[in-house]
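Chain by chain, the residues run as shown.
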Amino acid sequence: MTSKDAGSTSGSIKIGVLYSRSGVTSAAETAQLQATILAVEEINRAGGVLDREIELVCLDPQCQPRNYADLAEQLILKHRVRLIVGCYMSSTRKAVIPIVERHNALLFYATPYEGFEYSRNVIYTGAAPNQNTLPLAGFMLTHYGSRVSMIGSDYICPYESNRVMSDLILERGGEKLDETYLPLDARWESYLDVAKRIRQLSPDFIFSTVVGEGIPHLYRAFAHVGLDPYRMPIASHMTSEAEIAIMGNDVAEGHITSAAYFQTVDTAANRLAVARYQARFGDDQTTNMCWEAAYFQMHLLVDAIRRVGSDDPTLLLRVLPGLEYEAPQGRVRIDEYNNHTYLHPLIGRVNTQGRFDVIGRAPERVKADPYVVSHTTPRWTSEARPDLERTGGDR
Ligand code: ACM
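Residues numbered from 1 in each chain as written. Predicted model: local features only at pLDDT ≥ 70, side-chain atom pairs only at ≥ 80, totals over all residues. Heavy atoms only, no water.

This brings us to the sheet that holds strand E15 (residues 356-361). In spatial order, the strands read E7-E6-E8-E9-E10-E14-E15; together these 7 strands make up an open sheet with mixed pairing. Unpaired on one side and paired on the other, strand E7 (175-182) and E15 mark the two borders of the sheet. Across the sheet, the mean angle separating the axes of adjacent strands is 25 degrees when strand polarity is ignored. With 5 bridges connecting them, strand E6 (residues 147-153) and strand E8 (residues 205-209) associate as parallel partners. In the strand pairing of E8, Val 148 is matched with Phe 205. Against the sheet, helix H6 (residues 188-201) touches E6, E7 and E8, its axis set at about 175 degrees to E7. (Pairing = 2+ DSSP bridges. Helix = DSSP H or I, 4+ residues; strand = E, 2+ residues; numbered from the N terminus. Axes fitted to C-alpha atoms, helices over the stretch in contact; angles between N-to-C directions. Contact = heavy atoms within 4.5 Å.)

This is how it looks when you write it as structure tokens:
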């Protein structure tokens, strides 16, 4: 590596951004992009870092894995960027990893994912499966039952998440009734067929790993065939405020999501971040788990740059492990060994306002276990009897 390659030393510090503004997951990715812009504006307003401004180089991969790879290479070779934030679907992250590894660049990935991965050149700030699938399994099997239907989008993250969920269900004597995958661009009619079949099977709950534009289709189809979320909810670790804003509060109410952050999280850091976000991007804007990880990871990255006095990825990787930040969800920490993040898992249920009421909460932050070495569901998901009857009645 030449000294020229080892990080720029004058002018602005450039950070590449790969979030899609069009395509199947663009609602969540647009929120991630705006969270990134918000964080950088906060940082620059406070004087930047190392007396330099942060400059974002934003490219739009339009939700196509090949574009993420090509644009990552373009960021590195043409724009001389070695720090990249972005990617949503795991297929897009997996397309970018060989590029960042080859060029010794660093990717910050702010989306919950299926685990079973480690790259020295990736910092994972979204939830790993032990921080979302595992608590969701514990909660649902305890409070709803163990006959489960699974519906997912047709790509890597849903396959792997369903494999983990299947193990957890079968280990506990439960039953997987069916497992269906629909293309990312499947139409409403396909979701309607799935909802009709689920009605016939009558599971205790539905585990959904549908992403992006398919999410509103699924929840609307579920409501259309008359299924009651308070008796048979959809449980997901991907459905967030971003998709609820599209499907409508009435359709979303009563369904359950496992995440490390909801807009309703009651911390001083969250109140401030949400207020600043809405002042900057509009009162109607909602935040979500991917928004929050995109926001706090930028602050973590800039703190690391400040500590080492450089934006050289090799130097940054010496201080990022163990680094902490007071995020909107609570204090987070990059793990010393696996490049994932200690997070604060929650279980939320959608209320009449389209926001999540927290009905399960980890008592302390949880270390990421991306390979799901432990299958023990956390005690908090089964001990507390949540107030399931408060807004609509339990089964
Ligand atoms: C995902 O593919 N990690 C949502």
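Now that the structure is up, let's keep going.
Relative to the helices and strands, Met 150 is located in strand E6. In the structure, Met 150 is positioned 15 residues away from Met 165 in sequence and 9.2 Å away in space, judged by C-alpha atoms. With near-sequence residues (within four places) excluded, Met 150 lies in contact with Asn 162, Met 165, Ser 166, Ile 169, Lys 176, Asp 178, Glu 179, Thr 180 and Phe 207.

What follows covers the pattern of salt bridges. Tallied over the full model, the rule gives 21 salt bridges. With a closest N to O distance of 3.2 Å, Arg 102 and Glu 73 form a salt bridge. With a gap of 29 residues between them, Arg 102 in helix H3 (residues 90-102) and Glu 73 in helix H2 (residues 65-77) connect regions that are remote in the sequence. Given a relative accessible area of 54%, Arg 102 falls into the exposed group. For Glu 73, a relative accessible area of 23% translates into the label partly exposed. Connected via shared salt-bridge partners are Glu 324, Glu 326, Arg 331, Arg 333, Glu 336 and Arg 365. (Salt bridge = Lys/Arg side-chain N within 4 Å of Asp/Glu carboxyl O. Buried < 20%, exposed > 50% of the residue type's maximum accessible area, 1.4 Å probe, protein only.)

Next up on the list: the nonpolar core. If you look at the biggest cluster of nonpolar residues, it comprises 85 residues, and the most contacted ones within it are Ile 54, Trp 291, Met 298, Leu 301, Leu 316 and Leu 320. Ranked by the residues each element gives to this core, the list is headed by helix H11 (residues 289-308), at 13 residues. (Core = buried A, V, L, I, M, F, W, Y, C linked by side-chain atoms within 4.5 Å.)

Once that is clear, we can look at a nonpolar patch on the surface. Together, Tyr 118, Tyr 371 and Val 373 line one region of the surface with nonpolar side chains, adding up to about 340 Å² of accessible area. Within the secondary structure, Tyr 371 sits in the loop between E15 and helix H13 (380-383). Note on Tyr 371: relative accessible area 41%, which makes it partly exposed. (Patch = residues over 30% accessible without salt bridge, like charges linked within 9 Å, V, L, I, M, F, W, Y side chains within 5 Å. Areas by Shrake-Rupley, 256 points an atom, 1.4 Å probe, with all protein chains shown as cover.)

Let us now look at the sheet that holds strand E12 (residues 330-334). Two pairing modes exist for strands in a sheet, parallel and antiparallel, and in both the strands are linked by backbone hydrogen bonds. The antiparallel open sheet is built from 3 strands, whose spatial order is E11-E12-E13. Across the chains shown, the open sheet's two edge strands, defined by having one partner strand only, are strand E11 (324-327) and strand E13 (341-342). Sheet topology note: the E12/E13 ladder contains 2 bridges and is antiparallel. Within E13, the position partnered with Ile 334 by the bridge is Thr 341. Together, E11, E12 and E13 form the strand contacts of H11, whose direction differs from that of E11 by roughly 140 degrees.

From the geometry alone we can't say anything about function, so treat these as descriptive.
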